[in-house]
Amino acid sequence: MPGFGHTRHAHSPGFFTGSQQLGAQSGYYVFNPYAYQTKDVKYFNTKSPYTDMYIALGGNSQNILRFDMSQNINPRWNVGFDVQRFTSQKLFGTTGNNDTYKLLAQNWGLLLHTNYRSKNDKYTLLAHFNNMNHSLDEQGGVLPGQTADLQTIVYNYTGDSRLRSGSPTVQGPHGWEIRNDWHVYHQYVLDKGFQLYHKFDYQSHKNFYQDDTLRLNQSITSPITGQPIRFYPAILGDTSRIFQLARFQLLENQFGIKGNAQYKGSSFNYRAYLRIRNYNQTTHYNESRTAFNDYSTARLETFLGGWLGYYFPDSLSRLTAEAEFGANTKGNLLYRLKGELESKFLTAGYSSISTNPTLMQERYQSMIFFWRNNFKLPIYNHAYGKLNLRYKQLRIEPSLDYYLLSNYIYFNDKVIPQQVDGSFSVLRTGLGYHFQFGKFLISGQGYYTVQSNTDVLHIPPFFMNTRIQYEFLYAKVLYIQTGIDLHYKSPYYADAYMPVTQQYYVQNSEKVEGYVLADLYANLRINRTRLFVKLTHADQGVFQPGYFVSPGFLQMRRGFSFGVDWYLFD
């Protein structure tokens, strides 16, 4: 069940994740995990109302609330909504409950969805509206402290933050993202094996950053050396305030045909489409405390694509291929190719994509940063394979991923986008395992990564997750799973975070991780009701007082959490 262990801060994936979609993207992505995703929206057809209520209360004032409901208006039409709310409190740089701005992150999410099918089942409609409102007080990391005998406190959980307001009644630097997304998919069956479909998406995203105490934050000094710690690079204008607001709007239509056919136990699927994207990104920023400037980028993009699938007679294997082509405003060819084989014992595939840099990487203006770039198209090639091997109660899944990255774009240690001239490779080997013996379970996965250029892409060489669990039935009605989760990453120079641009960038001064994190848990289930209790960071203080998950940011202290997930339906 979902648990705790982080503070809803800007998210960095930890592994390489290249773009999987053709067409320019805004470049603002760090709050993606906290929003409802279009690909994950569930549409229901229920004979009675369906409700899912989830609440979790965690240590260090982390709270999560989700409420999902769906109901059929008639046998062919269903409507529903999902709502979420979560908060987390600051770990450092706060006076506690007396601090007006004690909350670090706050999130509201709303999803309205509906689906409909005609009496003859020829017409189908799926639609949803997705809203996210995520705010984050930016702290820039924790400063080290000193004991009375002048010993350095590295893991300073009660220390001051690098960015602050100077008063518990004044809000310090903070970021915000607001999303309003509309999605509509509908199709009509003309004949067996031939359907027309249309997909419509409209997105309106706002990303905001503000620091009204800029002078204070540029004058913070180290409690160890007494030297100034300038979080921001050189200020290009007025030194009293930062105000930055970017708005991305996208209107996308996809028109296509699709269908399927069967022959001697095999089946075929196909899809062909035209995709049109019309987008605009406008940035509003201050040049002084009261004077502002704007710039924008607007473009129209068109793509042609197709997808083919062959399903073998054994119903366990399939072969798929997809391709999409287009051109950018400079006339450069954009493409996305992918082929994959899935079977009972093997999954293998290859993908290649050449797409635009993000709008953020191309152009950015503010009081802190200024750039205009004419980058080449990044090209990412990915070959992968995974075996699924079973012997009695043991299942192992060795895997291999090979990436060839050309014209790779990253944010350097000056927090400026930079392009690699040429190509470099990343090789990741993995092993998943699942061993069940009686009521005991050991499962997890480990990865080892090597790369030919470690200066521009920082990845932990070794990564491991392991679960050790015991399950049993109590009093014939209470199903219990209890155990321990272990997490480990080898030491590496994790990327640092710049809140002004909402981007992670490479740094080479502070290593993080190299620490085994242990979480103790118990999951309980009675009929449709599920409960959990969890002790996060249970091993804090066993080997060391704590550890950093990214430069300046500590893993949360040991905390106890519990929650319930309650399903209501007939």
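Rules used throughout
- Residues numbered from 1 in each chain as written.
- Predicted model: local features only at pLDDT ≥ 70, side-chain atom pairs only at ≥ 80, totals over all residues.
- Heavy atoms only, no water.
- Helix = DSSP H or I, 4+ residues; strand = E, 2+ residues; numbered from the N terminus.
- Rg over C-alpha atoms; globule rule 2.2 N^0.38 Å.
- Buried < 20%, exposed > 50% of the residue type's maximum accessible area, 1.4 Å probe, protein only.
- Contact = heavy atoms within 4.5 Å.
- Lys, Arg positive; Asp, Glu negative; His and termini not counted.
- Charge placed at Lys NZ, Arg CZ, Asp CG, Glu CD.
- Core = buried A, V, L, I, M, F, W, Y, C linked by side-chain atoms within 4.5 Å.
- Salt bridge = Lys/Arg side-chain N within 4 Å of Asp/Glu carboxyl O.

A. Region of the structure containing the overall build of the protein. Assigned secondary structure in the protein consists of two helices and 33 strands. Taken against the 2.2 N^0.38 rule, which gives 25 Å for 570 residues, the C-alpha radius of gyration of the protein at 26 Å falls within 12% of a compact globule. Across its three principal axes, the protein shows a C-alpha extent of roughly 80 × 70 × 50 Å. For the protein, the proportion of its 570 residues judged to be buried stands at 47%. Within the protein, counting contacts between residues at least 6 apart in sequence, those at least 24 apart form 63% of the total. The average position of the 54 basic charges and that of the 41 acidic charges among the side chains of the protein differ by 6 Å.

B. Fine view of the nonpolar core. Among the nonpolar cores identified, the biggest contains 22 residues, and Tyr-232, Ile-242, Tyr-364, Phe-369, Met-498 and Val-500 are the most heavily contacted of them. Put simply, the parts of the chain that give this core at least two residues each are strand S10 (242-263) and strand S27 (496-498). With residues up to four places along the chain from it excluded, the contact list for Tyr-364 reads Tyr-28, Gln-244, Tyr-295, Phe-369, Phe-370, Trp-371, Val-500 and Thr-501. Counting residues in hydrophobic clusters, the runner-up holds 18 residues, among them Phe-16, Phe-303, Val-456 and Val-506.

C. Summary view of unusual backbone geometry. For Val-415, which is not glycine, the phi torsion reads 65° and is therefore positive. In this fold, Val-415 is placed in the loop between strand S21 (409-411) and strand S22 (417-419).

D. Looking closely at the pattern of salt bridges. On inspection of all chains with the given rule, the structure shows 18 salt bridges. Linking Glu-397 and Arg-395 is a salt bridge whose minimum nitrogen-to-oxygen distance equals 3.6 Å. A network of salt bridges, in which partner residues are shared, links Glu-252, Arg-275, Arg-277, Glu-301, Glu-322, Glu-324 and Arg-336.

E. Looking closely at the environment of Gly-265. If you trace the backbone, Gly-265 turns up in the loop between S10 and strand S11 (266-286). For Gly-265, a relative accessible area of 57% gives the class exposed. Separated by 158 residues in sequence, Gly-265 and Asn-107 have C-alpha atoms that sit 49 Å apart. Residues within four places of Gly-265 in sequence aside, it is in contact with Phe-312 and Pro-313.

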